[in-house]
Structure formats: structure tokens, C-alpha cells
Amino acid sequence: MKIALLGYGKMGKVIERIALERGHEIVLRKTRDNSFDGLENADVAIEFSIPDAAVKNISQCLNKNVPVISGTTGWLEEYHNIVKLCEEKKGAFIYSSNFSLGVNIFFQLNEYLAKMMSKLEQYKVSMEEIHHTQKLDAPSGTAISLAKGVIENSNYSSWALNDAKQDEILIDAKRIENVPGTHSVFYDSEIDSIEIKHTAHSREGFALGSVVAAEWIIGKQGVFTMKDVLDLK
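Because the structure is a prediction, the values reported are computed rather than measured.

The rules we used
- Sequence positions are assigned chain by chain, starting from 1 and proceeding in written order.
- Reporting of local features is limited, given that this is a predicted model, to residues whose pLDDT is at least 70; pairs of side-chain atoms are given and counted only at 80 or more, and all residues count toward the totals for whole chains, interfaces and linings.
- With hydrogens and water stripped out, all remaining heavy atoms of the structure feed into the side-chain values.
- For this analysis, a salt bridge means a side-chain nitrogen from Lys or Arg found within 4 Å of a carboxyl oxygen belonging to Asp or Glu.
- We count a stretch as a helix when DSSP gives it H or I for four or more residues in a row; a strand needs E for two or more, and each element gets its number in order from the N terminus.
- Relative accessible area decides the class of each residue, using a 1.4 Å probe on protein chains only: under 20% of the type maximum gives buried, over 50% gives exposed, and in between gives partly exposed.
- For the purposes of these results, a polar contact is taken to be a pair of N or O atoms within 3.5 Å, where, inside protein, one atom must be able to donate a hydrogen and its partner to accept one; residues adjacent in sequence count only when each atom of the pair is a side-chain atom.
- Any two residues whose heavy atoms approach within 4.5 Å are treated as being in contact.
- For two strands to be treated as a pair, DSSP must find no fewer than two bridges joining them.
- All axes here are fitted lines through C-alpha atoms, helices being fitted over the stretch that makes contact, and every angle between N-to-C directions spans 0 to 180 degrees.

1. Regarding the pattern of salt bridges
- All chains considered together, the criterion is met by 9 salt bridges.
- For arginine 29, the salt bridge is made with glutamate 16, and the minimal N-O distance between the two is 2.6 Å. Of the two residues, arginine 29 is situated in strand E2 (residues 25-30) and glutamate 16 in helix H1 (residues 10-21); the sequence distance between them amounts to 13 residues.
- For glutamate 16, a relative accessible area of 11% translates into the label buried.
- For arginine 17, the salt bridge goes to glutamate 204, with nearest N and O atoms at 2.1 Å. Separated by 187 residues along the polypeptide, arginine 17 in helix H1 and glutamate 204 in helix H6 (residues 204-217) bring together distant segments of the chain.
- Look at arginine 17 and you get partly exposed, because its relative accessible area is 34%.
- Via salt bridges that share partners, Arg17, Glu21 and Glu204 belong to a single interconnected network.

Structure (C-alpha cells):
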């Protein structure tokens, strides 16, 4: 399989190593300083860049009929436009705030717990996410996905970084050197507390998941999620 890497920072280099280990070929390593030349030769693109570049990168892929996997967060106000473009071009697209296989199981666990807790009003939900200091957006896309998972299965209406109202989920976003990503969901009452937590030990999990998704999307058409890739119901 021929892969275009759109974004060639630390994550891009880990993805490259894992892709090569799995027998794939890299045909483009896109940075802000070079062009999209070679994208047309790719079977699939894996996009891990920065929020300001993501929409252009994904659009280029869809316009050239190259399936694209995107793990860049912080651009989702344009998500519906990308979905529309994908449908118009009859392309294939997967976005995930986190491609880690473990995190996607954690997403399912979070939704299941939210359903169980939804009628227990004595518990207040909050979240904490910790990432390295180079991460540009806050809260993380993973934390937002976790919050949405609770909102869709409870009476909460939204999330907030500070001064959360009664119907909002408070997210505490911390930036600490050399932390790949830690996410916790808390249910606190006067009597006790329940916590679920996922801790990433390196970038390996994110990179592996994105390559698995790239392998899966070949030959498909439509907008998918990691639930589709992992067959999570």
C-alpha cells in the first residue's frame, strides 16, 4: 500500500516507521515547506498536521480521489463541509480525535457508563485531560469526544473549560512536558466517586491505529469512524 503522510512532525515519523514495518511504502512526506506532488500516487493519505492546515490537506485528498485518515484536532467547525465534499466526490474519509485502539474501547466504556449513571442525579460528571506542552488546542479532541459521549447519553447539554454550569461538564485541560495523553472521567457524589481513566505511554498507539484505519479504508466509499474500523457496536 502506498501512503502519503500529510504532516511530518513527531507523529508523522512514528506513523512512517510503523507503516514501513507493516510492509507499506511512503510516497509523500508533506510539510508546510513542500507541495502535494506525489499525492496522486498514493492509495491512501494519513493526515496529522496542525488545525490551520487540516482542511486544505483533507480537501486535496478528496479532490484527488485519495482516501484520507485524519487525526488532526481543532478544526471541526469545518467538519460538515468536509463530509459534504467527501459525498460529492464519492470519496472515503475517517476522522478520529484519537486513533489509539485502547482509547476507542475507552470511548465505548465511557458511553456505557454514562447510560448507567444518567438517572443518578447525585453524581456530578467532570473530566481531566493532560497532554504535552506542544499540543495547540485545549481541551483535546479526545476530551471533547468523551464529553459528547456523556452528553448523548445523559441530561448534560454541553461542556466548559471553566465555571461549568449545572448542565455542563467541566473539563480540566493541563499541559505538562512529555505527556503523550491522559484522560479521566469522574463521577463524584458526597458519598463516593467513580473514575475511568486511559493513559497513553507513547505515540505508538495513535500511530498504529491510524495505519490500521488506512489499511481498512482501501476500496471503501463514505464517511467512517473508528467504530467502523474496529467493528464496535
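2. Things to note about the side chain of asparagine 98
- Structurally, asparagine 98 is set in the loop between strand E5 (92-95) and helix H4 (101-117).
- Among the residues examined, asparagine 98 registers a relative accessible area of 6% and is labelled buried.
- Here serine 100 takes part through its backbone nitrogen, which lies 2.9 Å from a polar atom of the side chain of asparagine 98.
- Leaving out residues up to four positions away in the same chain, asparagine 98 has contacts with Val103, Asn104, Phe107, Thr142 and Phe206.

3. Some details on the sheet that holds strand E10 (residues 193-200)
- Pairing within the open sheet is mixed, and its 5 strands lie in the order E7-E8-E6-E9-E10. Each having just a single partner strand, strand E7 (158-160) and E10 make up the two edges of the open sheet. Here the strands of the sheet are splayed against their neighbours by 20° on average, with no regard to which way each runs.
- Where strand E6 (residues 124-131) meets strand E8 (residues 168-175), 6 bridges bridge the pair, whose relative direction is parallel. Bridging across to E8, glutamate 129 finds its partner in alanine 173.
- Packing of helix H5 (residues 141-151) onto the sheet brings it into contact with E6, E7, E8 and strand E9 (181-188), and relative to E6 it is tilted by some 165°.

4. Brief notes about the sheet that holds strand E1 (residues 2-6)
- If you walk across this open sheet you meet the 6 strands as E2-E1-E3-E4-E5-E11, and the pairing is parallel. The open sheet has two edge strands with one neighbour each: E2 and strand E11 (222-224). The mean inter-strand angle of the sheet, taken between neighbouring strand axes irrespective of direction, is 15°.
- Two elements, E5 and E11, share 3 bridges in a ladder whose sense is parallel. Considered in E11, the bridge of alanine 92 is made with glycine 222.
- Against the sheet, helix H2 (residues 51-63) engages E1, strand E3 (44-47), strand E4 (68-70) and E5, with an angle of about 175° to E3.
- On the sheet, helix H3 (residues 79-89) packs against E5 and E11 and is oriented at approximately 155° with respect to E5.

5. Considering H5
- Among the residues making up H5, those that are buried are Gly141, Thr142, Ala143, Leu146, Ala147, Gly149 and Val150.
- Looking at the buried positions of H5, the neighbouring elements they touch are H4, E6, E7, E8 and E9.

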